[in-house]
Amino acid sequence: MTNQPSQEFGFGTQIRKSPYFDATVRWGAQGFSVYNHMYIPRDFGDPEENFWNLVNTAILCDVAVERQVQITGPDAARFVQLLTPRDLSKLAVGQCKYVMITNNDGCILNDPVLLRLAEDKFWLSLADSDILLWAQGVAVNAGMDVHICEPDVSPLQLQGPNSGEIAKVLFGDDIADLRYYWLREYTLNGIPLIVSRTGWSSELGYEIYLLDGSRGSDLWEAIMAAGEPFGLKPGHTSTIRRIEGGMLSYHADMDNQTNPFEVGLGHWAAIDTDLEFIGKAALTAIRDAGITRQQVGLVIDGEALPAPNTRFWELSVNGAPVGKVTSAVYSPRLKKNIALAMVDCEAAAVGTEIAVAMPDGVRLATVVEKPFYDPKKQITAASLSATTAASAV
């Protein structure tokens, strides 16, 4: 795709540009794809260079495609709980949680970050599926007093070990005290923002939610200027780093045929509580019966993969099909081909050897523990400690 895409895509369906579109083109965006009916920059050059920029300094990513579903009203808290099996009873104002939106079969429709901005105001910061329509549909017969809409909110991701120092330049030293999965309101050069310490990178980082779409270029340029002394580069979410960290991608690693137990998220389903949520009966039955497949990590033998997979690769043991590779990439840091896969439980034990049917032929893979890198999040903790220490000087 060129860097000047049309506003229309297929059958007259409008694909929107983000408020940062012109800025990202100026800063070198070379290709876009479509996510939540909006263009997202996917190419700023060499993906490996983007990875090293992320893990060594910092990158700024246009993720305005993470559209917000805003839920307000007297019954907002009760309605949001209806949408997700995760227990929200202790969610405080100013706090965020990673949640799953499940259907009546207990399968995952989306895995957004939930932000609580007020007692009666919530955002669902979405992965790629139409949860606005789902939530509005659920509300029709829910009998609750809520209002559901998509507000003028467009996030950026500032991610990497230097993101804390850049954030201090932008928002002041007190940003170093912002806890993981919490948010605050800020104003930058007259631009209203919400900033949360979240992100899709497995590194220290922040998501910066623009509340005025007319100021997109102003915000982008202000952040890039503040970050220049710290090596900030324009970038895109890194497939390499997110697979290293075992982070899930909706439509790839899970979809509306996948339940939380299969991807290791079943412990967040509040089945043994009095909470009411869509899919509770199905999830209870799934837990009691046990799953037949599960997500695993793989290391794939052979030469470095030239690019991430663009389709599922079939897996087999002794010629019998056992599942599929959902996400695969070469890690230049680990010097290995690493992958997430969905396999039959009988093939999920660490050390199991599995044949992978790839475009260039069959290769051997081995089941390994995941995540592949920094399982205890020591990198993020070290980056945050450095930022906090610098604030105290």
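Since we're looking at a predicted model, the values are computed, not measured.

A.B. asks: Now, about the sheet that holds strand E20 (residues 320-331): what can you tell me, with residues and values included?
C.D. replies: Strand order around the closed barrel formed by six strands is E18-E21-E20-E19-E22-E23, with antiparallel pairing between neighbours. On average, adjacent strands in this sheet sit at an angle of 40° to one another, irrespective of strand direction. Bridging between strand E19 (residues 313-317) and strand E22 (residues 353-358) involves two bridges; their strand directions are antiparallel. Its bridge partner lying in E22, Ser316 is registered against Ala355.

A.B. asks: Explain the pairing of strand E10 (residues 113-118) to me, using residue names and the numbers behind them.
C.D. replies: Buried residues dominate E10, accounting for five of its six residues. In the sheet, E10 pairs with strand E11 (residues 121-125) via five bridges, with the strands oriented antiparallel. Its bridge partner being in E11, Leu115 is matched across the sheet by Trp123. Connecting E10 to the next strand, E11, in antiparallel fashion are two residues.

A.B. asks: Go over the environment of Asn337, please, and point to the residues and values.
C.D. replies: Mapped onto the secondary structure, Asn337 falls in strand E21 (residues 336-344). Residues Asn337 and Pro308, spaced 29 residues apart in sequence, show a C-alpha to C-alpha distance of 9.8 Å. Those residues within four positions of Asn337 in sequence are excluded, and the remaining contacts are Leu298, Val299, Ile300, Asp301, Gly302, Glu303, Ala304, Leu305, Val329, Tyr330 and Arg363. Of note is the side chain of Asn337, whose polar atom sits 3.5 Å from the backbone oxygen of Gly302. Within the structure, the side chain of Asn337 is placed 2.9 Å from the backbone oxygen of Glu303, a separation counted as a polar contact.

A.B. asks: Describe the sheet that holds strand E17 (residues 232-235), and please don't skip the residues or the numbers.
C.D. replies: Strand-to-strand pairing in sheets goes through backbone hydrogen bonds, with the strands running parallel or antiparallel. One open sheet holds the six strands; their spatial order is E14-E15-E16-E13-E5-E17, and the pairing between them is mixed. Of all the strands in the sheet, the pair left with one neighbour each is strand E14 (183-188) and E17. For this sheet, the mean angle separating the axes of adjacent strands, direction not counted, is 25°. On top of the sheet, helix H5 (residues 163-171) reaches strand E5 (58-62), strand E13 (154-159), E14, strand E15 (191-196), strand E16 (205-210) and E17; it is set at about 35° to E16, its chief contact.

A.B. asks: Give a detailed account of unusual backbone geometry, specifying residues and quantitative values.
C.D. replies: Residues apart from glycine generally show negative phi values, whereas peptide bonds are mostly found in trans. The peptide bond linking Lys370 to Pro371 adopts the cis configuration, its omega dihedral lying at 5°. Along the chain, Pro371 falls in the loop between strand E23 (361-368) and helix H9 (378-392). The backbone phi angle of Tyr181 is positive, close to 65°, even though this residue is not glycine. By secondary structure assignment, the location of Tyr181 is in the loop between H5 and E14. If you check the backbone angles, Asp374 has positive phi at about 55° while not being a glycine. Here Asp374 shows up in the loop between E23 and H9.

A.B. asks: Residues and numbers for the packing of helix H3 (residues 76-83) against helix H4 (residues 131-140), please.
C.D. replies: It is the contact of H3 with H4, at a shortest axis distance of 11 Å, that shows an interaxial angle of 115°. Judged by the inter-axis angle, H3 sits roughly perpendicular to H4. Note on packing geometry: the crossing formed by H3 with H4 is right-handed. Side by side, H3 and H4 meet where Phe79, Leu82 and Leu83 of the first sit next to Trp134, Ala135, Val138 and Ala139 of the second.

Criteria and cut-off values
- Residues numbered from 1 in each chain as written.
- Predicted model: local features only at pLDDT ≥ 70, side-chain atom pairs only at ≥ 80, totals over all residues.
- Heavy atoms only, no water.
- Pairing = 2+ DSSP bridges.
- Helix = DSSP H or I, 4+ residues; strand = E, 2+ residues; numbered from the N terminus.
- Axes fitted to C-alpha atoms, helices over the stretch in contact; angles between N-to-C directions.
- Buried < 20%, exposed > 50% of the residue type's maximum accessible area, 1.4 Å probe, protein only.
- Contact = heavy atoms within 4.5 Å.
- Polar contact = N/O pair within 3.5 Å; in protein donor to acceptor, adjacent residues only side chain to side chain.
- Parallel < 35°, antiparallel > 145°, perpendicular 65-115°, else oblique.
- Left-handed = near helix turned anticlockwise from the far one by under 90°.

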